[in-house]
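Reading the structure
The residues making up each chain are set out below.
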Amino acid sequence: MKASRALAIPYVVWVLIFTVVPLGLVVWFAMTDTDGKLTLDNIFAMSEYMSVLFRSILFAIVATIICLILAFPAAYIISRANKINQSTLIVLLMVPMWINFLLRTYAWMTLLEPNGLINKLFGIFGLGPYPLINNSGAVILGMVYNYLPFMILPLYSVMVKIDQSVVEAAQDLGSNKVRLVTKILLPLSMPGISTGIIAVFVPSVSTFIISRMLGGGTNDLIGDIIEMQFSGNSYNPHLGSAMALVLMIIVMFMMSLFNQFGSEEEVIL
Amino acid sequence: MKKLLSLLIAAAMLMGLSGCGDSASAEDEKREPTEEILESFGMDPELFSDYDYGRFYGKELTINVANWGEYLSMNDDEILDVNEVFEALTGITVNYKTYASNETLYSKLLSGGATYDIVIPSDYMISKMINEGMLRKLDFGNIPNIANIMPSFINPQYDPTNEYSVPYLWGMVCIIYNTKMVDGEIDSWSALWDENYAGDILMFNNPRDAFGIAQAYLGYSLNTEDFGELENCADLLREQKEIVQGYVMDEIFDKMEGGSAAIAPYYVGDAVTMCADNPDLEFVIPKEGTNWFVDAICVPTTADSEHIEAAEAYINFLCEPEIAFANCDYVGYSTPVTQAYELLDDEAKADERRYPSDEFLSEHTEVFINISEPANAYMQELWTGLKVGESNVWFVPLFLAALIAATIFVNVYRARKKKRDF
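Nothing here was measured: the structure is a model prediction, and the numbers come from that model.

**Some points on the overall build of chain B**
- A count of helical and extended segments in chain B gives 16 helices and ten strands.
- Over its C-alpha trace chain B gives a radius of gyration of 29 Å, far above what one expects of a compact globule, namely 22 Å for 422 residues.
- Reported as C-alpha extents along the three principal axes, the dimensions of chain B are approximately 115 × 80 × 40 Å.
- Relative to its full complement of 422 residues, chain B shows a buried share of 41%.
- Summarising the internal contacts of chain B: among those between residues at least 6 apart in sequence, 77% fall at separations of at least 24.

**Examining the interface of chain A and chain B**
- Facing the 34 residues of chain A at the interface are 37 residues of chain B.
- When contributions to the side of chain A that touches chain B are tallied by element, the ones reaching two or more residues are helix H3 (41-45), helix H4 (50-80), helix H13 (222-231) and helix H14 (237-268) of chain A.
- Residue composition of the side of chain A that touches chain B, by class: 17 nonpolar, 13 polar and four charged.

**With respect to the nonpolar core**
- The biggest cluster of nonpolar side chains holds 113 residues, and the ones touching the most others in it are Ile118, Cys174, Ile176, Ile263 and Tyr314 of chain B.
- Counting residues per element, this core draws most heavily on strand E4 (residues 165-178) of chain B, which supplies ten residues.
- The residue makeup of this core includes at least three contributed by each of domain 1 (34-168 + 293-353) and domain 2 (171-291 + 372-388) of chain B.
- Cys67, Ile78, Leu132 and Met243 of chain A belong to the second largest nonpolar core, which has 54 residues in total.

**A short note on the pairing of strand E7 (residues 263-267) of chain B**
Residues and elements named next belong to chain B.
- Extensive coverage of E7 is indicated by the burial of five of its five residues.
- Of the pairings in the sheet, the one linking E4 to E7 comprises five bridges and is antiparallel in character. Pairing of Ile175 across the sheet is with Pro265, part of E7.

**Quick look at helix H5 (residues 83-94) of chain A**
- Under the 1.5 Å per step criterion, the end-to-end length of H5 of chain A is 17 Å for twelve residues, consistent within 8% with the ideal 16 Å.
- Within H5 of chain A, only zero of the twelve residues are buried, which leaves the element largely exposed.

**Some words on the environment of Asp329 of chain B**
- Assignment of secondary structure puts Asp329 of chain B in helix H11 (residues 321-331).
- For the pair Asp329 of chain B and Asp280 of chain B, spaced 49 residues apart in the sequence, the C-alpha separation amounts to 22 Å.

**Let's talk about the domain arrangement of chain B**
- Once the domains are mapped, chain B shows domain 1 (34-168 + 293-353), domain 2 (171-291 + 372-388) and domain 3 (398-422).
- Of note, the centres of domain 1 of chain B and domain 3 of chain B, computed from C-alpha atoms alone, are 63 Å apart.

**Comments concerning the packing of helix H6 (residues 101-112) of chain A against helix H8 (residues 136-159) of chain A**
All names here are of chain A.
- Two numbers describe how H6 lies on H8: the axes approach to 11 Å, and their chain directions differ by 140°. Considered as vectors, H6 and H8 are oriented oblique to each other. For the crossing formed where H6 meets H8, the hand is right-handed. Contacts between H6 and H8 involve Phe101, Arg104, Thr105, Trp108 and Leu112 on the former and, on the latter, Ala138, Gly142, Tyr145 and Asn146.
- In the contact of H6 with H8, the residues fall into five nonpolar, three polar and one charged.

Rules behind the numbers
Residue positions are given per chain, counted from 1 along the sequence in the order it is written. Chain letters and ligand numbers both follow the written order, the letters beginning at A and the numbers at 1. Only residues with pLDDT of at least 70 get local features here, since the model is predicted, and only at 80 or more are side-chain atom pairs given and counted; chain-wide, interface and lining totals rely on the full set of residues. Here a strand is any run of E in DSSP of at least two residues, a helix any run of H or I of at least four, and the numbering for each starts at the N terminus. All radius of gyration figures rest on C-alpha atoms, and the globule criterion is 2.2 Å times the number of residues raised to 0.38. To sort residues by exposure, count the other C-beta atoms lying within 10 Å of each residue's C-beta; 20 or more gives buried, 12 or fewer gives exposed, and values between give partly exposed, all with C-beta atoms placed from the backbone. In this description, any two residues whose backbone-derived C-beta atoms lie within 7 Å of each other are considered to be in contact. Any residue that is not Ala, Val, Leu, Ile, Met, Phe, Trp, Tyr, Cys, Pro, Asp, Glu, Lys or Arg is counted as polar, Gly included; the first ten are nonpolar and the last four charged. Each nonpolar core comprises buried Ala, Val, Leu, Ile, Met, Phe, Trp, Tyr and Cys residues, the members being joined through C-beta atoms within 7 Å. In this entry, domain limits derive from an automatic or database-based domain assignment. Only strands joined by at least two bridges in the DSSP assignment are considered to pair. For a helix, the expected span equals 1.5 Å multiplied by the residue count minus one. Note on method: axes are straight lines fitted to C-alpha atoms, helices fitted across the in-contact stretch only, with angles between N-to-C directions ranging 0 to 180 degrees. Each angle is binned into one of four classes, with values under 35 degrees roughly parallel, values over 145 roughly antiparallel, values of 65 to 115 roughly perpendicular, and all other values oblique. Helix crossings get a hand from a simple test, with the near helix turned counterclockwise from the far one by less than a right angle marking a left-handed crossing and a clockwise turn marking a right-handed one.

Set out below in structure tokens:
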């Protein structure tokens, strides 16, 4: 018992130095002004950016829902395939993730540009060019594309443990496909769903590079505004920290709210 | 006695010999003559100053240089590797790092996270850093090549006494446009507000540059601190927002070269590069005037005191004609070094957009300097308002309170429910 505790020490030290201390610094910066005096001005100044914050949350929610809708059947199909096909499909899913995230987003830019590949294809049939980039749809597409594997993988790892006989039993007892999903598959994969939602929602809500590249600066998200406070022209780390803090608190509460509902359903079961 | 004498002589000779040996080995360590080093890089020793670069040899010094990305001739077999020449000449190791914005550099210097001996910020950032005591006064005794700098770059607005900085590269903000997508020629900032090109116009994604364009268009000073004028600029930019395809910075390269946008503002040096890649592109200095920017070499106060002299030698080195030429040739921006300008081909020299006359610079352009904190903050606020829209001050506290209340409610509800269940 003691030995195993000792093994956790490196991790605890790591977390202390690289997570707890920086978090403390964020709180400290958010609560002080440039002279180091305590103030709440930064939090109040944050209100100006509320519409961006809501837009970020909205985009992240939409992206999460789309990911869930796409990932649920995909994960189910993978989990029902035979062992060899399963690992092939998972590898295929992972391959894009081996390429740098920035490069993949650049690729989408090349595809979606007014002069890009997709519009050129439409051009052959005399259609378009359609405005595919620099709008909110492109930003959400970027989020879904980049974070979809984070939804599929936890769903798959839960679904692969659902015994086929449970599905068969439901079918034997006369359950149709809709009831099979709502009464059997959804409740049983709840842990995977909640992990997946967190894994997609959190990076989506704080992303800045996707909105910069695919949104063309016309759909700034809270991540862009925070980044601007640290390395952009509006250099103000105190305001930036306040934004990061508010965002963190909101995400934490939203996650805890969600988890409450999630575990409640388990109680009902 | 004789024996003793001969022994002494022998000893003396031996010492002499060994002395000789010492000096010989010292000479081995000693670098080759400057001419040979320069010739080995294919450079012309005639064009090089007789500055004593050899005095650092064998001291094993390292200097930390921070520069913009792609802003120094290096990393390509075809061209002169400037840092390599400096290392061969001085024996000093150059630890070269890059940054993406003036503000990144500023925050790195301020937080003390990185120690640099040489930095190359832009005009307004230099005046900000001077005001905040972040730059060290240079010893121009170690930088005799300051004499190579064109007179119009001495005592600039951002460093009025010219004690802190030596100009490195410069340029103006221009309009770059695609001749296939635009009818006729463009000569005015009004093109960026032309509704015929709605959806094909790109704009700078930072307040200082974006406001700079509106200020130039409206005929204001680019360093105005008048709130009314700033509001007028914001109104103008808001009007433009309807027809702008996107607010971008580096992405302008891809979008303009690929023909995805028709008109964009950008820096002349990069416009030269873009036009070379895509012959459909053309750039112009708008008739209303524009921003003249200068990036200059400085030594921060946080620099290691043992490195200062080496850093100053590096500054002097960057002002050597052939080195300055290599840099401006590679980067595409304009050089302030007279002899490097002489080395350029006639086409570049005659290009008014790259090398405008002194009269043009003084009458039609303005350098950004650091504006006062309230004016800067107001500009940021207007820019944010433009980009994200306004919202109520009580939004955040109320929203947070609502979230906390909801969480408490759910927790209490759950706890009660659990009690009932068990």
